[in-house]
Amino acid sequence: TPESKVNAIIRAGLAAAGDHSTTITNVMTGRPARGVVNRAMRELGPVAAEHPGFPHTAAGFGPLKAAAEKLGQADFTNVWAGQAVAFGREAPAGELTRELAAAAQQRLRALAG
């Protein structure tokens, strides 16, 4: 949503993500999470047996992340997203909430018969 505090790098990564853009990784934080594949995940592999652990892994990426983001790149930026990221679209929070509520109500009515 436009109201989100997400920076432009993350917003662009989410907008560009396709059906097969995400994977489970532990290389960004030291804990498993699903995110849009970036340079760090490609080069280190999405899951690493050896890493500094949480929260030290993320702290180690800090300088790399900052330098890459200055260049407009998400090479070391966490762009967390689920498998359905390609279905996402930008919409105001109020509009999105109303749409989700209406869809939920419609499904409940259908279940009630």
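Residues numbered from 1 in each chain as written. Predicted model: local features only at pLDDT ≥ 70, side-chain atom pairs only at ≥ 80, totals over all residues. Heavy atoms only, no water.

Asker: Please clarify how the environment of Pro55 should be interpreted in this entry.
Answerer: Counting through the fold element by element, Pro55 comes out in the loop between α2 (39-44) and α3 (56-70). On the accessibility criterion, Pro55 (44% relative accessible area) is partly exposed. Taking C-alpha positions, Pro55 is 6.8 Å from Gly30, a pair spaced 25 residues apart along the chain. (Helix = DSSP H or I, 4+ residues; strand = E, 2+ residues; numbered from the N terminus. Buried < 20%, exposed > 50% of the residue type's maximum accessible area, 1.4 Å probe, protein only.)

Asker: I tried to follow α3 on my own but got confused; where do I start?
Answerer: Since there are 3.6 residues in each turn of an α-helix, residues three or four apart along the chain are aligned in direction. With 15 residues, α3 should cover 21 Å at 1.5 Å per step; its first-to-last C-alpha distance of 22 Å lies within 8% of that length. The sharpest bend along α3 comes to roughly 40 degrees, located at Gly62, with the proline Pro63 sitting one to four residues further on. For α3, every residue scored as buried is listed here: Thr57, Phe61 and Ala68. Directly after α3, the chain includes Gly72, whose backbone phi takes a positive value near 80 degrees. (Expected span 1.5 Å × (residues − 1). Bend = angle between axes of the 7 residues up to and from the residue.)

Asker: Where do I start with the environment of Ala74 in this structure?
Answerer: Within the element layout of this structure, Ala74 appears in the loop between α3 and α4 (93-112). Ala74 sits 25 residues away from Ala49 along the chain, and the two C-alpha atoms are 23 Å apart. Not counting the four nearest positions on each side in its chain, Ala74 is found in contact with Ile9 and Asn38. (Contact = heavy atoms within 4.5 Å.)

Asker: Sorry, what's going on with α4 here?
Answerer: With 20 residues, α4 should reach 28 Å at 1.5 Å per residue; the first-to-last C-alpha distance of 28 Å fits that figure. A small share of α4 lies buried, amounting to zero of its 20 residues. Within two residues after α4, Gly113 carries a phi angle of roughly 90 degrees, on the positive side.

Asker: I would appreciate a short explanation of the packing of aromatic side chains in the present structure.
Answerer: What characterises a pair of aromatic rings is the spacing of the ring centres plus the angle enclosed by the ring planes. Under the criterion given, the structure shown has one aromatic pair. Between Arg31 and the ring centre of Phe54, over which it is positioned, the NZ or CZ distance is 3.8 Å. (Phe/Tyr/Trp six-rings, centres within 6.5 Å; stacked < 30°, edge-to-face > 60°. Lys NZ or Arg CZ within 6 Å of the ring centre and 35° of its normal.)

Asker: Any chance you could explain the environment of Phe54 here in plain terms?
Answerer: Summarising the element assignment, Phe54 is placed in the loop between α2 and α3. Expressed as a C-alpha distance, the spacing of Phe54 and Asn26, which sit 28 residues apart in the sequence, is 9.3 Å. Those residues in contact with Phe54, other than ones at most four positions away along the chain, are Thr29, Gly30 and Arg31.

Asker: Whenever I open this one, the nonpolar core confuses me. Can you help?
Answerer: Grouped burial of nonpolar side chains is what soluble globular proteins tend to show. One finds Val27, Met28, Ala40, Met41, Ala48, Phe61, Ala68 and Phe76 forming the largest nonpolar core, which totals eight residues. Secondary-structure elements contributing two or more residues to this core are α2 and α3. Filtering out sequence-adjacent residues up to four positions away, Met28 remains in contact with Asn38, Ala40, Met41, Thr57, Ala58, Phe61, Phe76, Thr77, Asn78 and Trp80. Among the nonpolar cores identified, the runner-up in size contains six residues, and Ile10, Ala17, Ala81 and Val85 belong to it. (Core = buried A, V, L, I, M, F, W, Y, C linked by side-chain atoms within 4.5 Å.)

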